[in-house]
Amino acid sequence: AVSVRVATSTAGNTACTQGGEPSRLAETNVDAGTGLDAARLGVITFANVLVRYLTNVSFAFTEEFSVFLLVVMTFFGASAAFARNRHIRLEFFVQKLGVRPRRRIEIAVTVCGLALFAVLAFYGTRLFWDDWSYGTTTPGIGIPQWIYTVWLPLLSALIALRIAGRLARLALLP
């Protein structure tokens, strides 16, 4: 059976999970951003439930904000996971290899992740620009769509930078 697990960066692990630690300041900022988004989501959801319970009327427009906050939290979480090397991976076959092939696979996987988020940042920028140029508005409350789509390229670029940092730490390993 092929297992899926989250790799950790403990001292006894193989070259697949080594590579230095990211900066504490960057980690604190990402964790704070995720925490703030979770708090905002909780307040919006609680207010919606409370108003619906007391008045039998729903704040339907809050769904747009809730979905947006969930997406932003997902990107912040992905950024932290890549920087800490705790992203989901398949290791059943890789663990059976020697240290050198594992390191090569780790570098290849990291390069693929970097390419994925760089492409996502590129096309996210094009999506943002289209929303900006055409004045697209959201269907629920009619605010400019670019307010939501601007975060796709920004957070994708953040993740790409975090992955590039991870790749640089991997390259410095002996």
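Residues numbered from 1 in each chain as written. Predicted model: local features only at pLDDT ≥ 70, side-chain atom pairs only at ≥ 80, totals over all residues. Heavy atoms only, no water.

Visitor: Describe the overall build of the chain, naming the residues involved and giving the relevant values.
Guide: Along the backbone of the chain there are five helices and two strands. Helices and strands in the chain line up, N terminus first, as β-α-α-β-α-α-α. The buried share of the chain, reckoned over its 174 residues, is 29%. Look at the contacts in the chain between residues 6 or more apart in sequence, and 78% of them connect residues 24 or more apart. Total accessible area on the chain is roughly 10600 Å²; 71% of this is exposed by carbon and sulfur atoms. (Helix = DSSP H or I, 4+ residues; strand = E, 2+ residues; numbered from the N terminus. Buried < 20%, exposed > 50% of the residue type's maximum accessible area, 1.4 Å probe, protein only. Contact = heavy atoms within 4.5 Å. Areas by Shrake-Rupley, 256 points an atom, 1.4 Å probe, with all protein chains shown as cover.)

Visitor: Any details on a nonpolar patch on the surface? Residues and values, ideally.
Guide: A contiguous nonpolar surface patch, about 520 Å² in accessible area, is contributed by Phe 46, Leu 50, Tyr 53 and Leu 54. Position of Leu 50 relative to the elements: it lies in helix 1 (residues 24-55). (Patch = residues over 30% accessible without salt bridge, like charges linked within 9 Å, V, L, I, M, F, W, Y side chains within 5 Å. Salt bridge = Lys/Arg side-chain N within 4 Å of Asp/Glu carboxyl O.)

Visitor: For the side chain of Thr 149, give the residues involved together with the corresponding values.
Guide: Along the polypeptide, Thr 149 turns up in helix 4 (residues 146-149). A distance of 3.0 Å separates a polar atom in the side chain of Thr 149 from a polar atom in the side chain of Asp 131. (Polar contact = N/O pair within 3.5 Å; in protein donor to acceptor, adjacent residues only side chain to side chain.)

Visitor: An account of the packing of aromatic side chains is needed here, citing residue identities and associated values.
Guide: Aromatic ring pairs are defined here through the distance separating the ring centres and the angle between the ring planes. Enumeration over the complete set of coordinates arrives at eight aromatic pairs. Relative to Tyr 148, the ring of Phe 65 has its centre 6.4 Å away and its plane inclined at 70°; by these criteria the two rings are edge-to-face. A residue pair is termed long-range when its members are at least 10 positions apart, and Phe 65 in helix 2 (residues 62-84) and Tyr 148 in helix 4 qualify at 83 residues. What links up through ring pairs into an aromatic cluster is the set Phe 65, Phe 68 and Tyr 148. In this arrangement the basic side chain of Lys 96 is found over the ring face of Phe 92, its NZ or CZ atom lying 4.7 Å from the centre. (Phe/Tyr/Trp six-rings, centres within 6.5 Å; stacked < 30°, edge-to-face > 60°. Lys NZ or Arg CZ within 6 Å of the ring centre and 35° of its normal.)

Visitor: Tell me about the packing of helix 2 against helix 5 (residues 151-171), and name the residues and values.
Guide: Remark: helix 2 packs on helix 5, axes separated minimally by 8 Å, with the N-to-C direction vectors making an angle of 10°. In this view, helix 2 runs roughly parallel relative to helix 5, as classed from their interaxial angle. Across from Phe 68, Val 72, Phe 75, Phe 76, Ala 78, Ser 79, Phe 82 and Ala 83 in helix 2, the residues of helix 5 making contact are Trp 151, Leu 152, Leu 155, Ser 156, Leu 158, Ile 159, Arg 162, Ile 163, Arg 166 and Arg 169. Per-class residue counts for the contact of helix 2 with helix 5 are 13 nonpolar, two polar and three charged. (Axes fitted to C-alpha atoms, helices over the stretch in contact; angles between N-to-C directions. Parallel < 35°, antiparallel > 145°, perpendicular 65-115°, else oblique. Nonpolar A, V, L, I, M, F, W, Y, C, P; charged D, E, K, R; others polar.)

Visitor: Now, about the nonpolar core: what can you tell me, with residues and values included?
Guide: By size, the foremost hydrophobic cluster in this structure holds eight residues: Val 72, Phe 75, Phe 76, Phe 117, Leu 155, Ile 159, Ala 160 and Ile 163. Elements supplying a minimum of two residues to this core: helix 2 and helix 5. In terms of residue count, the dominant contributor to this core is helix 5 (four residues). (Core = buried A, V, L, I, M, F, W, Y, C linked by side-chain atoms within 4.5 Å.)

Visitor: How would you summarise the packing of helix 3 (residues 99-134) against helix 5 if you had to cite specific residues and measurements?
Guide: Where helix 3 contacts helix 5, the two axes come as close as 8 Å, and the packing angle between them is 160°. Here helix 3 lies roughly antiparallel to helix 5, going by the angle between them. The hand of the helix 3/helix 5 crossing is left-handed. For the contact of helix 3 with helix 5, the class distribution of residues is 18 nonpolar, five polar and three charged. (Left-handed = near helix turned anticlockwise from the far one by under 90°.)

Visitor: Let's hear about the pattern of salt bridges: which residues, and what values?
Guide: Enumeration over the complete set of coordinates arrives at one salt bridge. Arg 166 is the partner of Glu 106 in a salt bridge, and the nearest nitrogen-oxygen pair spans 3.1 Å. Here the residue Glu 106 occupies a position in helix 3, and Arg 166 occupies one in helix 5, the gap between them amounting to 60 residues. Exposure class is identical for Glu 106 and Arg 166. Each is buried.

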